[in-house]
Amino acid sequence: MLRFLARRLATYAVMLFIATSAAFLLAAWQFNPGRLFTTRVPRPSQAVVDRTLTSLGLDPREPVLHRYWDWLTGVVTRWDWGRSPNGASVNSQFAQRVGISFSLTLIALVLTLVIGVALGVYTAARQYRVSDRAVTSFSYLTFVLPAPVAYLAVQLLAIHANSLVGHDALYVTGISDPTVTGFWPSALDLVRHYIVPTVAMTVFGYAGYQVSQRQFLLDNVNADFVRTARATGLTRNQAILRHALRVSFIPTAQSIAFTIPALFIGSYFAEAVFNWPGLGLWSVQAMTNQDVSAATAMVAYGALIFAVGAVLADVAIVLVDPRVRVSR
């Protein structure tokens, strides 16, 4: 098991290096960091812009490979991911936002997986009943709605709920109230800010798991090994939970590697609608400002998240599929 994970980690490390290097080279080739200065009033002269970019290591006149080597040396020797055209450190900007996005996305991911799989099992065990049709129909509805529209709808519902109770029981924007002090009041304030965006990301994120888990489980309900289990005296639901569920969960476990980065991408819309200063908004701003260093850092982070999801998927498959054997 350890050798298997070590080989997989080595493979993903190479992929991470290639993806990050390619992102920097493409960004350095196409981006113009001096574009940010064109929006300033008064507009600085070209000489001032050139000196500023040169001091930050962002001079587009330098050869791309030379800039790449300087950047790579800084990352490897000092863990310095460079600076933005406004002079801010990418490390500090990333550190300020990663905890916000990670906590929001992690909670939504866990709830999405648990609720989606549970509802998939529930609806498969009650195929064609009213509960199955209702849950599955709602899941298909969430597929149709664009994420910004769905999140805005949840936000409006929260506002309406606040109006019904007569006070702001749920916060619909921001991450915290700066006027709240003390540990427990601050913790409660943070929870109240988390509820609405977490519910929005969960409600409009679990559908993929629910529909796929339902279909995979239905494909195995009438399999020979399930009928054999029922012949030993197990009820239909017992045979499903003890035997069919484990086999049908294998494809779901494989999809974890692709769901995690997709959910992080979806967090951009949640951050935009609910005004959370996370990585999603920052990454879009980096692209708009043609920020080479920040854009590269986000590609590296996305590749790392994908690698973590892939490793988790590999471990889950080994645990649930007895046919998979790895060398120790």
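Heads up: these notes are all about the structure in this document. Residue indices begin from 1 for each chain and proceed along its sequence in written order. Confidence filtering applies because this is a predicted model: local features only for residues at pLDDT of at least 70, side-chain atom pairs given and counted only at 80 or more, and all residues used for totals across whole chains, interfaces and linings. With hydrogens and water excluded, all non-hydrogen atoms of the structure serve as input to the side-chain values.

### Notes on the overall build of the protein
Inference 1: Strands are runs of DSSP state E lasting at least 2 residues, helices are runs of H or I lasting at least 4, and numbering of each runs from the N terminus. Check the secondary structure of the protein and you find 13 helices and zero strands.
Inference 2: In the protein, the order of α-helices and β-strands from amino to carboxyl end is α-α-α-α-α-α-α-α-α-α-α-α-α.
Inference 3: Along the first, second and third principal axes, the C-alpha set of the protein runs to 85 × 60 × 40 Å.
Inference 4: Note on classification: 1.4 Å probe, protein chains only; a residue is buried when its accessible area is under 20% of the maximum for its type, exposed when over 50%, partly exposed between these limits. The buried share of the protein, taken over its 328 residues, is 41%.

### Remarks on the packing of helix H4 (residues 90-125) against helix H7 (residues 183-203)
Inference 1: Where H4 meets H7, the axes come as close as 9 Å, and the angle between the chain directions of the two elements is 45°. By the angle between their axes, H4 is oblique relative to H7. Where H4 crosses over H7, the handedness of that crossing is right-handed. Contacts between H4 and H7 pair Ile100, Ser103, Leu104, Ile107, Ala108, Leu111, Thr112 and Ile115 from the former with Tyr194, Pro197, Thr198, Met201 and Thr202 from the latter.
Inference 2: Each residue is assigned to one of three groups, with Ala, Val, Leu, Ile, Met, Phe, Trp, Tyr, Cys and Pro labelled nonpolar, Asp, Glu, Lys and Arg labelled charged, and all others, Gly among them, labelled polar. In terms of residue class, the contact of H4 with H7 is made up of nine nonpolar, four polar and no charged. Fitted lines through C-alpha atoms give the axes, limited to the stretch in contact for helices. The angle between two N-to-C directions lies from 0 to 180 degrees. What sets the label is the angle itself: under 35 degrees gives roughly parallel, over 145 gives roughly antiparallel, 65 to 115 gives roughly perpendicular, and the rest give oblique. A clockwise turn of the near helix away from the far one marks a right-handed crossing, whereas an anticlockwise turn of less than a right angle marks a left-handed crossing. Contacts: residue pairs with any heavy atoms within 4.5 Å of one another.

### Looking at H4
Inference 1: One less than the number of residues in a helix, times 1.5 Å, gives the span that helix is expected to have. For H4, built from 36 residues, the straight-helix expectation of 52 Å at 1.5 Å per residue is met to within 8% by its first-to-last C-alpha distance of 50 Å.
Inference 2: The angle between axes fitted to the seven residues ending at a residue and the seven residues starting there is what we call the bend at that residue. Its maximal kink placed at Arg97, H4 deviates by approximately 30°.
Inference 3: Distance and chemistry together define a polar contact, namely a pair of N or O atoms within 3.5 Å, with one atom able to donate a hydrogen and the other to accept it when in protein, and with adjacent residues in sequence counting only for side-chain atoms on both sides. Capping the start of H4 is the job of one residue whose side-chain oxygen sits 3.3 Å from the backbone nitrogen of Asn91: Ser89.

### Looking at the packing of aromatic side chains
Inference 1: Ring pairs are drawn from Phe, Tyr and Trp, using the six-membered ring of Trp, whenever the two centres fall within 6.5 Å, and their geometry is named by plane angle: stacked under 30 degrees, edge-to-face over 60, tilted for the rest. Scanning the entire structure with this criterion turns up twelve aromatic pairs.
Inference 2: Ring centres of Phe24 and Tyr68 lie 6.0 Å apart, and the angle between their planes is 50°; on these two criteria the pair is classed as tilted. In this pair, Phe24 sits in helix H1 (residues 2-30) while Tyr68 sits in helix H3 (residues 64-78), placing the two residues 44 residues apart along the sequence.
Inference 3: Accessibility expressed as a relative area gives 3% for Phe24, which makes it buried.
Inference 4: A relative accessible area of 13% places Tyr68 in the buried class.
Inference 5: When the centroid spacing of 5.0 Å and the interplanar angle of 80° are considered together, the rings of Phe183 and Trp184 count as edge-to-face.
Inference 6: Residue classification places Phe183 among the exposed residues on the basis of a relative accessible area of 62%.
Inference 7: Taken together, the aromatic side chains of Phe24, Tyr68, Trp71, Trp79 and Trp81 make up a single cluster linked through ring pairs.

### Section: the environment of Ala223
Inference 1: For Ala223, the position within the fold is in the loop between helix H8 (207-221) and helix H9 (224-231).
Inference 2: The class of Ala223 is buried, set by a relative accessible area of 17%.
Inference 3: Each C-alpha atom, one on Ala223 and one on Gly34, is 63 Å from the other, the two residues being 189 residues apart in sequence.

### What about the side chain of Thr142?
Inference 1: Assignment of secondary structure puts Thr142 in helix H5 (residues 130-144).
Inference 2: One polar contact links the side chain of Thr142 to the main-chain carbonyl oxygen of Ser139, over a distance of 2.5 Å.
Inference 3: The contact partners of Thr142, leaving out residues within four places of it in the chain, are Val203, Phe204 and Ala207.

### Regarding the nonpolar core
Inference 1: Judged by nonpolar contacts, the single largest core of 21 residues is most densely connected at Phe24, Trp71, Trp81, Trp282 and Val292.
Inference 2: Of all the secondary-structure elements, those providing two or more residues to this core are H1, H3, helix H12 (279-288) and helix H13 (292-320).
Inference 3: Top element by residues in this core is H13. It accounts for eight residues.
Inference 4: The residues touching Phe24, leaving out its near neighbours within four places in the chain, are Arg67, Tyr68, Trp71, Val292 and Thr296.
Inference 5: Definition of nonpolar core: a set of buried residues of the types Ala, Val, Leu, Ile, Met, Phe, Trp, Tyr and Cys, connected through side-chain atoms within 4.5 Å. Grouped together as the second largest cluster of nonpolar side chains are 20 residues, Val121, Val226, Ile240 and Ile250 included.

### Comments concerning the packing of H8 against helix H10 (residues 236-254)
Inference 1: One can describe the packing of H8 onto H10 by two numbers: an axis separation of 8 Å at closest approach and a directional angle of 120°. Classed by the angle they form, the pair H8 and H10 counts as oblique. As H8 packs across H10, the resulting crossing turns out to be right-handed. Here H8 contributes Tyr209, Gln213, Phe216, Leu217, Asn220 and Val221 to the contact with H10, which in turn contributes Arg236, Ile240, Ala244, Leu245, Val247, Ser248, Phe249, Pro251 and Thr252.

### Description of a nonpolar patch on the surface
Inference 1: For patch detection, residues must exceed 30% relative accessible area and be free of salt bridges, and they are connected within 9 Å for like charges or within 5 Å for nonpolar side chains (Val, Leu, Ile, Met, Phe, Trp, Tyr). Accessible surface area values rest on a Shrake-Rupley calculation with a 1.4 Å probe, where residue burial reflects the displayed protein chains alone. Basic side-chain nitrogens of Lys or Arg form a salt bridge, by our definition, when they fall within 4 Å of a carboxyl oxygen of Asp or Glu. On the surface, a cluster of nonpolar side chains totalling about 550 Å² of accessible area is made up of Phe102, Leu106, Ile107, Val110, Leu111, Val114 and Ile115.
Inference 2: Topologically, Leu111 is positioned in helix H4.

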